[in-house]
Every structure is written in C-alpha cells, then in structure tokens.
Amino acid sequence: MQINHDTRCALDQVVELLNTMADGDTPDTLVSVADLRAYVERNNVSGVGTLTQEDLRAVREARERFAQVFAAEDSRTAARLINALVAEAGTTPQLTDHDGYDWHVHYFAPGASVAQHLAADGGMALAFVLVSGERDRLRRCSAPDCRRAFVDLSRNRSRRYCDSRTCGNRLHVAAYRARRRESTEAAAGS
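Residues numbered from 1 in each chain as written. Predicted model: local features only at pLDDT ≥ 70, side-chain atom pairs only at ≥ 80, totals over all residues. Heavy atoms only, no water.

- Going by the annotation in an unreviewed UniProt entry, the name recorded for the protein chain is CGNR zinc finger domain-containing protein, with Streptomyces oryzae given as the source organism.

Right, here's the structure in full:
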C-alpha cells in the first residue's frame, strides 16, 4: 500500500491515540492534561497551544470515535463514521510548509482545537485507507491478551500482532515450547 508521509504520520497518531485506551491489565494512559501534552509532543502535533481539561475530554471522545472506525463491521459503516468525524471537525484542506517539511496538506481549520486537528487529519488518513480498498489493514492485535491497534502496512497483509509488546514473539515461543513438549512426550511414550 502506497501512502504519503503525512497520511502515515496521521495514521500513526491515530494508532498511538487508540493505544492509550485501557487494555486488560494496562490502564488508560490518557487521563490528564499532562498525558495529553506528552502525546502531542511525542507525535509532533503542530499548532497546539495551551491544553485544557476540555481538550482532554474532546480528544478522548475523538479516540472513542476512532475506535469505532477500527471496530466497524463493514466499509459502509466505517465510511459513515469517518464522514461524521471529519465533518464535525470542520475539515478545511490547506497547503502548508512548516517546520522544515515540504508542501503538504493539513485538513484541520486554522485555529482548530487539538481534538479537531486529530479528527480531521486522522479521519482523512482513515478515509484514504478506506478509499483505496484497504480497510482490512486497520487491525487489532491477535494475541489473546492484547487488543492494541495497528495499521498493517506489510506487502502481503500478513501482520497479525502489534509490535509494542512483542506479542508475536511471545506466542511463537509458546507454540514452539508446546511442540517441543509434545515431541518429548511422544518420544518418551515410544
């Protein structure tokens, strides 16, 4: 799947935002304005001024709406959710070149809140994925104890596990050990 740098950055922001949600034993990591500031800084979200409790509430709401897109049963449902998200964000495409980046498109309106910024840019990135017929690349980790989000950008669409918790490695090692145990037990029983 060919995606440009800006779309990739917006998808990464959406994924990281989704992965701040509580997951099993992992608590929600977006509970304070300081958490939101750290997220904004880690993701180089441009044009963000002073953050407030209202910003935190609105970003958490946008996060829930992104989660609904990832959980959508079909493309029509995902499209409806994305359309609502970007419309409510007041999407206003603008060409810009800032912070050492060449020309690119921002979809958020000038003066937009951080939640509107994330909803507009992230919503449009998800729209591009959907339009290209690649909605199935929006995934959740297949490990039984993990539901972290990721976008499968592998060439053959084969990625099943997130990369933040070594889920794939843990499951592969467990399967290997189970096979060895069965092999040892079979040899001992012969």
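Brief notes about the packing of aromatic side chains
The description of two aromatic rings rests on the distance between their centres and on the angle between their planes.
1) Next: Scanning the model with the defined rule gives 1 aromatic pair in all.
2) Next: Between Tyr 107 and Phe 128, the ring centres sit 6.1 Å apart and the planes meet at 65 degrees, which makes this aromatic pair edge-to-face. One end of the pair, Tyr 107, is in the loop between β2 (104–106) and α5 (114–131); the other, Phe 128, is in helix α5, with 21 residues separating them in the sequence.
3) Next: Relative accessible area serves as the criterion here: at 15%, Tyr 107 is assigned to the buried category.
4) Next: Judged by its relative accessible area of 35%, Phe 128 falls in the partly exposed class. (Phe/Tyr/Trp six-rings, centres within 6.5 Å; stacked < 30°, edge-to-face > 60°. Helix = DSSP H or I, 4+ residues; strand = E, 2+ residues; numbered from the N terminus. Buried < 20%, exposed > 50% of the residue type's maximum accessible area, 1.4 Å probe, protein only.)

Quick word on helix α1 (residues 5–18)
1) Next: Taking 1.5 Å of rise per residue, the 14 residues of α1 would be expected to cover 20 Å, and the 20 Å separating its terminal C-alpha atoms lies within 8% of that figure.
2) Next: Along α1, the residues that are buried comprise Thr 7, Ala 10, Leu 11, Gln 13, Val 14, Val 15, Leu 17 and Leu 18.
3) Next: Among the structural elements, α2 (33–42), α3 (53–71), α5, β3 (138–140) and β4 (149–151) are those in contact with the buried residues of α1.
4) Next: For α1, the side-chain oxygen to backbone nitrogen distance between the N-cap and Asp 6 is 3.2 Å, and the N-cap itself is Asn 4. (Expected span 1.5 Å × (residues − 1). Contact = heavy atoms within 4.5 Å. Polar contact = N/O pair within 3.5 Å; in protein donor to acceptor, adjacent residues only side chain to side chain.)

Considerations on the side chain of Arg 135
1) Next: If you trace the backbone, Arg 135 turns up in the loop between α5 and β3.
2) Next: At 6.1 Å, Asp 74 is the nearest oppositely charged side chain to Arg 135, a buried residue that forms no salt bridge.
3) Next: Reaching out from Arg 135, the side chain makes a polar contact with the side chain of Ser 75 at a distance of 3.2 Å.
4) Next: Discounting chain neighbours no more than four positions away, the residues touching Arg 135 are Ala 72, Glu 73, Asp 74, Ser 75, Ala 78, Val 129 and Leu 130. (Lys, Arg positive; Asp, Glu negative; His and termini not counted. Salt bridge = Lys/Arg side-chain N within 4 Å of Asp/Glu carboxyl O.)

So, unusual backbone geometry
1) Next: Backbone geometry at Asn 44 places phi at a positive 50 degrees, although glycine is not the residue there.
2) Next: Of note in this structure, Arg 157 is not a glycine but carries a positive phi near 55 degrees.
3) Next: Secondary-structure assignment places Arg 157 in the loop between β4 and α6 (167–189).

A word on helix α4 (residues 75–88)
1) Next: End to end, α4 covers 20 Å across 14 residues, agreeing with the expected 20 Å (1.5 Å per residue, within 8%).
2) Next: Looking only at α4, the buried set comprises Ala 78, Leu 81, Ile 82, Leu 85 and Val 86. Down the axis of α4, the smallest arc covering the buried residues is 125 degrees, so these residues share one side. In α4, the exposed residues that point more than 90 degrees away from the buried face are Arg 76, Arg 80, Asn 83, Ala 87 and Glu 88.
3) Next: Each element contacted by the buried residues of α4 is listed here: α3 and α5.
4) Next: Where α4 begins, the capping side chain belongs to Asp 74, and its oxygen is found 3.3 Å from the backbone nitrogen of Arg 76.
5) Next: Backbone geometry just downstream of α4 places Gly 90 in the positive-phi region, at approximately 70 degrees. (Arc of directions from axis to C-beta.)

Details of the nonpolar core
1) Next: Membership of the largest hydrophobic core comes to 43 residues, with the highest contact counts inside it found for Leu 18, Leu 36, Val 59, Phe 70, Val 114 and Leu 126.
2) Next: Mapped by element, the contributors of at least two residues to this core are α1, α2, α3, α4, α5 and β4.
3) Next: Per-element tally for this core: the top contributor is α5, with 10 residues.
4) Next: Ignoring sequence-local partners within four residues, the contact set of Leu 126 consists of Leu 11, Val 14, Phe 66, Val 69, Phe 70, Ile 82 and Leu 138.
5) Next: Counting 7 residues, the second-largest nonpolar core is a separate cluster that includes Cys 141, Ala 143, Cys 146 and Cys 162. (Core = buried A, V, L, I, M, F, W, Y, C linked by side-chain atoms within 4.5 Å.)

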